[in-house]
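An overview of the molecular structure
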Amino acid sequence: MWFDINRFHLLVLLTWQFSIFFASQQIFPIFSNYVPQWTCGNGEPTSDCSVYESCKSNLTFVNVAFKSAAMEYDWICGKSAYLKSLFSQIQFAGVLCGTFSFGAVSDVVGRKPVAVFALSLGILMNFVTGLAPNYQVLLGIRFFLGLSVGGTLVVVCTFVMEMLLPQQRMALRAFFNWGVARLMMTLIAMALPEWRMSSIACAVAALPALIIIVFVFPESPTWLHNKGRLDEMKKSEKHIAKMAGVPYVPIEHKRIEHSKTVMEMLQTKGLMSRLFVLWSMWFVASICGYATDLNSNTISGDLFVNQILFSILIAVSKMILVVFDTHVPSFRRRTLHQGAQLVVCICFLILTFMTFNGYTGLAFLIVNLIGTVFIEYTWDACYLCAVESMETACRASATGTCSLVARIGAILAPMLNYANLWWPPSVYLTVVLLGTINLIISYFFLVETKNVNLDNVHIDPSSEEGTPMIDEKPAQKTSE
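Please read all numbers here as calculations on a predicted model, not as lab measurements. (Residues numbered from 1 in each chain as written. Predicted model: local features only at pLDDT ≥ 70, side-chain atom pairs only at ≥ 80, totals over all residues. Heavy atoms only, no water.)

1. Focus: the packing of aromatic side chains
Under the criterion given, the structure shown has 27 aromatic pairs. Arranged with centres 6.2 Å apart and planes meeting at 90°, the rings of W75 and Y135 form a pair that is edge-to-face. Pair noted here: W75 is in the loop between α4 (69-73) and α5 (82-109) and Y135 is in helix α7 (residues 135-163), with a separation of 60 residues, a long-range link. Judged by its relative accessible area of 27%, Y135 falls in the partly exposed class. Ring-pair connections join several aromatic residues into one group, and the members of that group are Y73, W75, F87, Y135 and W195. It is R334 that lies over the ring of Y443; its NZ or CZ is 5.9 Å from the centre. (Phe/Tyr/Trp six-rings, centres within 6.5 Å; stacked < 30°, edge-to-face > 60°. Helix = DSSP H or I, 4+ residues; strand = E, 2+ residues; numbered from the N terminus. Buried < 20%, exposed > 50% of the residue type's maximum accessible area, 1.4 Å probe, protein only. Lys NZ or Arg CZ within 6 Å of the ring centre and 35° of its normal.)

In structure tokens form, the structure reads like this:
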């Protein structure tokens, strides 16, 4: 099969897809915070809050595509409007806490038990979201759901990566991705256009990930090896071979190396300068990506058609990038990030002017779609550069700090959507300004890492930048 995928690997890939489908609850506010236009009596449809506040007794929502929590709890105008942003921020705060706590615990007690707990808690919280008696309880539930999402993203991602062959990670990026997860959530919301029923359905739809981990996955052989539990490691490898339908062949594992702490990285000049560049990239990708995603429910046209278009384009763009990156060796990481960031700045500058002038036609949607796809490409550059520019001894810790910075950006993102109530282009102009700063930093300081041999990445402590040792041949397959 392609990428040497056997039946066990296929189950691993499916587990990842259903796991990130669960994690797509981060952007469920696209639907839960959706507010259609309204009319006062026989007036024209509008989104003017002054009309809403002065005409509540004779107000009618028009073209309601989805019955949202914002509509049920009146998070539309006035002081209560901030609760829409708070709904998202509380989730993202939970994700931040979950990233810390679940990741640390899984390093101690194992991947499987923590993955099972994180997914179980998350699916339960998603289910009871639909039963929340009031918005105060709902906000508390969404914090714990975010906590579980953070654990799922860190622990299940690590679990999955440790189960796959190096070449299969390209299949994961190309075919089992965020675009597909977003499409799944959109189709559920379209079939059940009410926030409570959609939440319950999303919980049920995420169950395959939990079932596969409980009944199919053994403990990670890589984790067992790192803990020195070699007999259990062999049993785990034999179980995987049996599930895959292939003969068991002992695997030679690399020597366990000392992992550098965050403080050790910050005390190394070359590592520190690289970290600052990566933090800038991850922060900007996160705050811009989530802000524009959460703002996508305000685009004129059919809510579900728009979201389906976003989802399909994101999924297809991932496939195109993998094919292009594989067959065009001269396509560099710097080109990927800076080219994508430049297109993002141009697109959202155009959207700023369109919004300022009150234009909401088809061109607005097209430019938004293009900009969103290229934000996704900046995310791809973030992941690739983080993995390829760091030494093996600090790769996991460095990526963890990048994820932390991204979570901070995600928490701030809903504030931009709230600012749109006072000045509609707020989200788009902020994306332009942050993107321009990020582009300048990337142009002057981002190191090139295409075709780097991960085993040979070494940063000279005396160097300000540190240069990875590049293998002129195609990068070797590695488990890093």
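2. Brief notes about unusual backbone geometry
As a rule of thumb, non-glycine residues mostly have phi less than zero, and peptide bonds are mostly trans rather than cis. Even without a glycine there, the phi angle at N63 is positive, about 50°. Along the polypeptide, N63 turns up in the loop between β2 (59-61) and α4.

3. A look at the packing of helix α1 (residues 7-23) against helix α11 (residues 207-215)
Axis separation between α1 and α11 bottoms out at 8 Å; the angle between their running directions is 140°. Relative to α11, α1 is oriented oblique. In this structure, α1 meets α11 at a crossing whose hand is left-handed. Of the residues in α11, those in contact with L11, T15, F18 and S19 of α1 are P208, A209, I212 and I213. (Axes fitted to C-alpha atoms, helices over the stretch in contact; angles between N-to-C directions. Parallel < 35°, antiparallel > 145°, perpendicular 65-115°, else oblique. Left-handed = near helix turned anticlockwise from the far one by under 90°. Contact = heavy atoms within 4.5 Å.)

4. Section: the state of the cysteines
Evaluated as defined, the whole model comprises two disulfides. A sulfur-sulfur separation of 1.9 Å characterises the disulfide bridge that pairs C40 with C55. One disulfide, between C40 and C55, carries an S-S torsion of 85° and so falls in the right-handed class. Placement of C40 in strand β1 (residues 38-40) and of C55 in the loop between α3 (49-54) and β2 is noted, with a sequence separation of 15 residues between them. On the basis of relative accessibility, which here comes to 5%, the residue C55 falls in the buried class. Put simply, C49 and C77 are joined by a disulfide, and their sulfur atoms are 2.0 Å apart. Between C49 and C77 the sulfur-sulfur dihedral comes to about -80°; the bridge is accordingly left-handed. Taken together, the residues C49 in helix α3 and C77 in the loop between α4 and α5 connect sequence positions 28 residues apart. Since its relative accessible area comes to 4%, C77 is described here as buried. (Disulfide = S-S within 2.5 Å.)

5. A word on a nonpolar patch on the surface
Taken together, F127, L131, V204, L207, I211, V214 and F215 make up a surface patch of nonpolar side chains, about 640 Å² in accessible area. Examining the composition of the nonpolar patch, we find that four residues originate from one element, α11, more than from any other. As for its position among the elements, V214 is in helix α11. (Patch = residues over 30% accessible without salt bridge, like charges linked within 9 Å, V, L, I, M, F, W, Y side chains within 5 Å. Areas by Shrake-Rupley, 256 points an atom, 1.4 Å probe, with all protein chains shown as cover. Salt bridge = Lys/Arg side-chain N within 4 Å of Asp/Glu carboxyl O.)

6. Some details on α11
What α11 keeps buried is the set A209, L210, I212 and I213. The buried side chains of α11 occupy one side of the element, clustering within an arc of 165° when seen end-on. Where the residues of α11 are buried, they touch α1, α6 (111-129) and α7. (Arc of directions from axis to C-beta.)

7. Re helix α9 (residues 178-191)
A rise of 1.5 Å per residue sets the reference length of α9, with its 14 residues, at 20 Å; its end C-alpha atoms lie 20 Å apart and thus fit the reference within 8%. Within α9, the full set of buried residues consists of W178, G179, A181, R182, M185, T186, I188 and A189. Sitting at the head of α9, N177 places a side-chain oxygen 3.0 Å from the backbone nitrogen of G179. (Expected span 1.5 Å × (residues − 1). Polar contact = N/O pair within 3.5 Å; in protein donor to acceptor, adjacent residues only side chain to side chain.)

8. Overview of the environment of C157
Mapped onto the fold, C157 is located in helix α7. Here the alpha-carbon distance between C157 and T15, two residues 142 residues apart in the chain, equals 9.8 Å. The residues contacting C157, other than those within four sequence positions of it, are W16 and T152.

9. Quick word on the environment of I375
Positionally, I375 belongs in helix α18 (residues 362-388). Spatially, the C-alpha atoms of I375 and V343 are 8.8 Å apart, while their sequence positions differ by 32 residues. Look past the residues within four positions of I375 in its chain and what remains in contact with it is A285, C288, G289, T292, V344 and F348.

Just distances and angles here, no functional claims.
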